[in-house]
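# Architecture and fold: a report
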Amino acid sequence: MLVRAITAPGLRRWCRGRRGAAAACFPLGRALLGVRGAEAAVFLQGLLTNDVTQLVAAGDAPPALYAHALNVQGRCLYDVILYRLHRSTTEEPHILLECDSSVLDSIQKHLKLYKIRRKVTIAPCPDLSLWAVIPGEQPGDTSSLPKCADQALLLTPDPRAQVMGWRLIAKKGANLSEVIPGSQIGDVQDYHRHRYKQGIPEGVKDLPPGVALPLESNLAFMNGISFTKGCYIGQELTARTHHMGVIRKRLLPVRFPEPLPGAGLPEGADILTESGKRAGKFRAGAGELGIALLRLAHANEPLCIRLGGDTLRLSAATPEWWPRAAVK
C-alpha cells in the first residue's frame, strides 16, 4: 500500500471546535503517476522547471512541488504537482506526479522517452484518489487548518498558493469524514470557480500544450520554477525571458456581468478593448468567472468579446496573492 492512514487527534479536536464551519473536499479528475527508484529525482530534474532534488534532500524536504514540463521551444506541455511519499533519505525515493487526466498516456510516453537506463519505474496509481481541501469559513483561508493535519494520509498545503488550500491523497473509496472529521464533499465546479477567482491555471484548457509560456502563466508566482538549478528541457527561452525582465502578457482572472451561456465561450476567443484593439485571449471559465491571457497594458481597461452580433463585457483583476512587486 502506497499511503498509510495515520490517526490525527489534533485534527479531530480542531474540527470539533469549529462549531459548524466545515472544510470542503473536492474530488479532482486529475491523474496520479508514480515515479519510483534510486534515480527518480535526478530523472525528473532534467524534465521539469522546478528543483526536484529538494524532494530527496536531507533535512526539511518539502512534501510537494509545483512544476511544468516544457517542450524544446520553452512552451508548457504539462502542469504537474509532485508529492514526496518516502519519509526519509534512507528510503527509496518515491514521488507521485499529479497531472491532467486527459494527458496521462502522453506524459507517460514523454517520461519513458527520456528514461533511457535510469533506475526508475513509472506507473499509474488507479488505487489512489486526489482531493482539493478548502478550509471552512472563508474559501482559501488555510491558516485555520492545523499543521498536524499532515498526519492524515497525505495532506499537504497546495504548493502553488496559500489561497488554494490543501491537497489530499487517499485510498480509492476512503471515507473523507474519517480523514477530515466534519468535512463536506463539495461540487468540483465550485473548486474551479475558486481557482478562476484566484487566477490559478490548471490543466490543458487553461494551459494549452505547446502554446502557453511558463512565465506568462505566472509559474514564478506559483513557486513552480527554479532559476538556479541545472539544465532542463525548454530552459533557454525561459531563462532568457526571466533575465530580460519583460513580461508583457499574463494570465489574469476575469469576470463577466452574468454567468456565461451553457455552451460557454470558445477557447482562445479574442478579447478586445473598447476601441477594438486586441487585448488577449480567453482560456476557460465557469459561471461568470474565467481566466484569460491579457496584455498588462490593457488589463485595467473595459474589455469585451465579440461573438457574432453579440458583445460580452468583462473585466480583469490582479490577484491579491501575487507578490507586491508584480502589482504595478
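This text follows the structure it describes.
About the criteria used
Residues numbered from 1 in each chain as written. Predicted model: local features only at pLDDT ≥ 70, side-chain atom pairs only at ≥ 80, totals over all residues. Heavy atoms only, no water. Helix = DSSP H or I, 4+ residues; strand = E, 2+ residues; numbered from the N terminus. Buried < 20%, exposed > 50% of the residue type's maximum accessible area, 1.4 Å probe, protein only. Pairing = 2+ DSSP bridges. Axes fitted to C-alpha atoms, helices over the stretch in contact; angles between N-to-C directions. Polar contact = N/O pair within 3.5 Å; in protein donor to acceptor, adjacent residues only side chain to side chain. Contact = heavy atoms within 4.5 Å.

The backbone phi angle of Ile116 is positive, close to 50°, even though this residue is not glycine. Positionally, Ile116 belongs in the loop between helix H3 (104–115) and strand E6 (121–124). A residue is classified by how much of its surface remains accessible, and Ile116, at 72% relative accessible area, is exposed.

The next subject is the sheet that holds strand E2 (residues 30–36). Each strand in a sheet pairs with its neighbour through backbone hydrogen bonds, running either in the same direction (parallel) or in the opposite one (antiparallel). Within the open sheet, the five strands sit side by side as E3-E4-E5-E2-E6. Their pairing is antiparallel. With one partner strand each, in any of the chains shown, strand E3 (64–70) and E6 form the two edges of the open sheet. Adjacent strand axes in the sheet meet at a mean angle of 30°, parallel and antiparallel pairs treated alike.

Bringing the side chain of His86 into the picture now. Tracing the chain through its elements places His86 in the loop between strand E4 (76–84) and strand E5 (94–100). Classification of His86 as buried rests on a relative accessible area of 4%. From its side chain, His86 meets the backbone nitrogen of His94 in a polar contact 2.9 Å long. Setting aside chain neighbours within four positions, we find His86 in contact with Leu55, Val56, Glu91, Glu92, Pro93, His94 and Ile95.

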